[in-house]
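# Notes for the structure review
Okay, here's what each chain looks like letter by letter:
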Amino acid sequence: MSEPVTPPEDDLVEGSPEPRREPVFNLPPVVLAVIGICVAVYLLQQYVLDDAQQMTLLYDGAFIPVLYTGQYGFDWFLFSRPFTYAFMHGGFAHIAINMVWLAAFGSPLANRLGTLWFALFFAVTGLASVALFWAMHPYGDAPLVGASGAISGMMGAAARFGFRTDRSAAFAGPVLPIAFVLRLRGVVIFLAVWMIINLATGLLGFAPGVDGQIAWEAHVGGFVAGFFGLRWFDRRWQAPEWETTDHRT
């Protein structure tokens, strides 16, 4: 096994810059903004609003599938609910778990995509989450809340890099072709474990510290959108060597 060779100290050029060290907590502003909005909404629900106001906020902000069947008339919140639901959470454990995963997967992705494209990625994967949830429960009346659908999209995006990292950044290198990714053992194991966990928590209904049923359909919708749609948002993508061809004659 080969190991990196460190040059002797005498060979180092005097005055050369020291290797850059990334701080332990280095959350991009857009990720901090999402976390801040989620926490603010949660605190508003828990400590400011009364019961009637909480119900109004839940009805106007959460995604409720049956409202999109056309039998309850029209209101302007039909346009905003598929996005605002992601900033609402059902309890402390729910928001705490989501924010930890958002920081872990969202930070390196935001550093790569940039603020605008990360925000669009968050919105689109969140929309894909409710789209699949509605398709499977068009007459459901239980409110759907939480950022886990969009966070699942970030996990799907991570799989497109084959979980490769370097010392400076996660999500490093080009986006790998889907056919290549699905041949990587680590990625396949991750996909299988991720799906089993989501089906188990959703269908069997157990998740430590989380009240209510887990919307595994929303997780799958976001994951699929992130996995297949990442290239539309990654403006730094370059074709890897095995996809390039020499057209010179």
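Conventions adopted
Residues numbered from 1 in each chain as written. Predicted model: local features only at pLDDT ≥ 70, side-chain atom pairs only at ≥ 80, totals over all residues. Heavy atoms only, no water. Core = buried A, V, L, I, M, F, W, Y, C linked by side-chain atoms within 4.5 Å. Buried < 20%, exposed > 50% of the residue type's maximum accessible area, 1.4 Å probe, protein only. Helix = DSSP H or I, 4+ residues; strand = E, 2+ residues; numbered from the N terminus. Contact = heavy atoms within 4.5 Å. Phe/Tyr/Trp six-rings, centres within 6.5 Å; stacked < 30°, edge-to-face > 60°. Lys NZ or Arg CZ within 6 Å of the ring centre and 35° of its normal. Expected span 1.5 Å × (residues − 1).

### Details of the nonpolar core
Counting residues in hydrophobic clusters, the biggest one holds 45 residues, and the most contacted among them are Leu102, Leu109, Phe118, Phe121, Leu144 and Met154. Every element with two or more residues in this core is listed here: α1 (29-47), α4 (92-113), α5 (115-136), α6 (148-159), α8 (185-203) and α9 (216-229). Setting aside anything within four residues of it in sequence, one finds Phe118 in contact with Val30, Val31, Gly106, Leu109, Ala110, Leu113 and Met154.

### Considerations on the packing of aromatic side chains
Under the defined criterion, the tally for this structure stands at 12 aromatic pairs. Aromatic side chains Trp76 and Phe79 sit 5.9 Å apart centroid to centroid with 35° between the ring planes, which places their arrangement in the tilted category. Of the residues examined, Trp76 reaches a relative accessible area of 68% and is grouped as exposed. Through a chain of ring-to-ring contacts, three or more aromatic side chains come together here, namely Phe190, Trp194, Phe223, Phe227 and Phe228. Over the ring of Tyr59 we find Arg81; its NZ or CZ atom is 5.0 Å from the centre of that ring. In this structure, Arg160 is placed above the aromatic ring of Phe227, and the distance from its NZ or CZ to the ring centre is 5.6 Å.

### Re α9
For α9, built from 14 residues, the straight-helix expectation of 20 Å at 1.5 Å per residue is met to within 8% by its first-to-last C-alpha distance of 20 Å. In terms of residue burial, α9 counts as a mostly covered element, since 11 of its 14 residues are buried. Taken residue by residue, α9 has Trp216, Glu217, Ala218, His219, Val220, Gly221, Gly222, Phe223, Gly226, Phe227 and Gly229 as its buried positions.

Read these as layout, nothing more, since geometry by itself doesn't imply function.
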